Amino acid sequence: ADETQLVELPGGDILMTVRARGHRLLAYSADGGKTFSDLRPQVDLPDSAAMGSVIRIDDKQRGSVLLHTVSSTRINGRRSRGAIYLSADQGRSWPGHRVYHAGSFDYSSIALLPDGDVGVLAEFDHGVHGKFTRIRFVRIDPRWLLDSLP
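Since we're looking at a predicted model, the values are computed, not measured.

**Student:** Could you give an account of the overall build of the protein, naming the residues involved and the relevant values?
**Tutor:** A count of helices and strands for the protein gives 1 helix and 10 strands. Along the protein, helices (α) and strands (β) appear in the sequence β-β-β-β-β-β-β-β-β-β-α when read from the amino end. Radius of gyration (C-alpha) of the protein: 15 Å, near the 15 Å computed for a compact globule of 150 residues. Seen through its C-alpha atoms, the protein measures out along the principal axes to roughly 45 × 35 × 25 Å. Counting over 150 residues, the protein shows a buried share of 47%. Intrachain contacts of the protein at a sequence separation of at least 6 include 44% that bridge at least 24 residues. Carbon and sulfur atoms make up 50% of the accessible area of the protein, which totals about 7,600 Å². Of note, the protein has its 19 positive side-chain charges centred 6 Å away from the centre of its 18 negative side-chain charges.

**Student:** If you had to explain the pattern of salt bridges to someone new, which residues and values would you point to?
**Tutor:** Counted by the stated rule, this structure contains 8 salt bridges. Put simply, arginine 62 and aspartate 59 hold a salt bridge, and the shortest N to O gap is 3.7 Å. A relative accessible area of 28% means that arginine 62 is categorised as partly exposed. Note that aspartate 117 and arginine 139 form a salt bridge whose closest N and O atoms lie 3.4 Å from each other.

**Student:** Requested: an account of the confidence of the model for the protein, with residues and values cited.
**Tutor:** Segments scoring low in pLDDT should not have their predicted coordinates read at a detailed level. Residues at a pLDDT of 70 or more form 94% of the protein, whose mean pLDDT is 91. Confidence scores differ between elements of the protein, with strand E7 (residues 78–87) showing the lowest mean pLDDT of 89 and helix H1 (residues 142–146) the highest of 97.

**Student:** Explain the environment of serine 71 to me, and be specific about the residues and the numbers.
**Tutor:** Relative to the assigned elements, serine 71 resides in strand E6 (residues 63–75). Taking the C-alpha atoms as reference points, serine 71 and alanine 122, separated by 51 residues in sequence, lie 10.0 Å from one another. Among the polar contacts listed, one links the side chain of serine 71 to the side chain of serine 48, at a separation of 2.7 Å. Reaching out from serine 71, the side chain makes a polar contact with the backbone oxygen of phenylalanine 105 at a distance of 3.0 Å.

**Student:** I'd like a description of the side chain of serine 53, backed by residues and values.
**Tutor:** With respect to the secondary-structure elements, serine 53 resides in strand E5 (residues 53–59). Not counting residues within four places of it along the chain, the set of residues in contact with serine 53 comprises Gln5, Leu67, His68, Thr69, Ser108, Ser109 and Ile110.

**Student:** Kindly report on the nonpolar core, identifying the contributing residues and their values.
**Tutor:** Residues Leu67, Ile84, Leu86, Tyr100 and Ile140 are the most contacted members of the largest nonpolar core, which totals 18 residues. Of all the secondary-structure elements, those providing two or more residues to this core are E5, E6, E7, strand E8 (96–112), strand E9 (118–124), strand E10 (134–140) and H1. Looking at this core element by element, the count peaks at 4 residues for E9. Setting aside its immediate chain neighbours within four residues, leucine 86 contacts Val65, Leu66, Leu67, Ser93, Trp94, Pro95, Gly96, His97, Leu145, Leu146, Ser148 and Leu149.

**Student:** Let's hear about the environment of arginine 139: which residues, and what values?
**Tutor:** Along the chain, arginine 139 turns up in strand E10. Given a relative accessible area of 47%, arginine 139 falls into the partly exposed group. Residues arginine 139 and glutamine 90, spaced 49 residues apart in sequence, show a C-alpha to C-alpha distance of 24 Å. Among the polar contacts made by the side chain of arginine 139, one reaches the side chain of aspartate 115 at a distance of 2.8 Å. At a separation of 3.4 Å, a polar atom in the side chain of arginine 139 contacts the side chain of aspartate 117.

Cut-offs used in this document
- Residues numbered from 1 in each chain as written.
- Predicted model: local features only at pLDDT ≥ 70, side-chain atom pairs only at ≥ 80, totals over all residues.
- Heavy atoms only, no water.
- Helix = DSSP H or I, 4+ residues; strand = E, 2+ residues; numbered from the N terminus.
- Rg over C-alpha atoms; globule rule 2.2 N^0.38 Å.
- Buried < 20%, exposed > 50% of the residue type's maximum accessible area, 1.4 Å probe, protein only.
- Contact = heavy atoms within 4.5 Å.
- Areas by Shrake-Rupley, 256 points an atom, 1.4 Å probe, with all protein chains shown as cover.
- Lys, Arg positive; Asp, Glu negative; His and termini not counted.
- Charge placed at Lys NZ, Arg CZ, Asp CG, Glu CD.
- Salt bridge = Lys/Arg side-chain N within 4 Å of Asp/Glu carboxyl O.
- pLDDT = per-residue confidence, 0-100.
- Polar contact = N/O pair within 3.5 Å; in protein donor to acceptor, adjacent residues only side chain to side chain.
- Core = buried A, V, L, I, M, F, W, Y, C linked by side-chain atoms within 4.5 Å.

Below, the structure written as structure tokens:
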């Protein structure tokens, strides 16, 4: 397991997500990161074995919501379909998601911007326009993401 990401949950627990082919692996810590539960695959959080990133935002309507960027599938052998998955229950389930890039898509990093928007810096179109990846920044309205939650 590699390319680990951590996010602090309400109450101080820590969620660790780990790159894996098929589905992200998750583990929890209740002691500030000294120990973690065993890694387990999260079947509703897909991963094409690319580095993803996770943050927590606080929404007035839904409370604490986790946002996780992923390359959610492989198309013609390439990591593809940049998406953000959402969890409103501290990572136990990931029922919401939005695809923001349908093509070739690799590593990504997510951040909450000062104006409240969500920013994603990612590698797009790897191998499509030559051997190098295009790194782009995408600004996303969090309402569009939150509306994907049931």
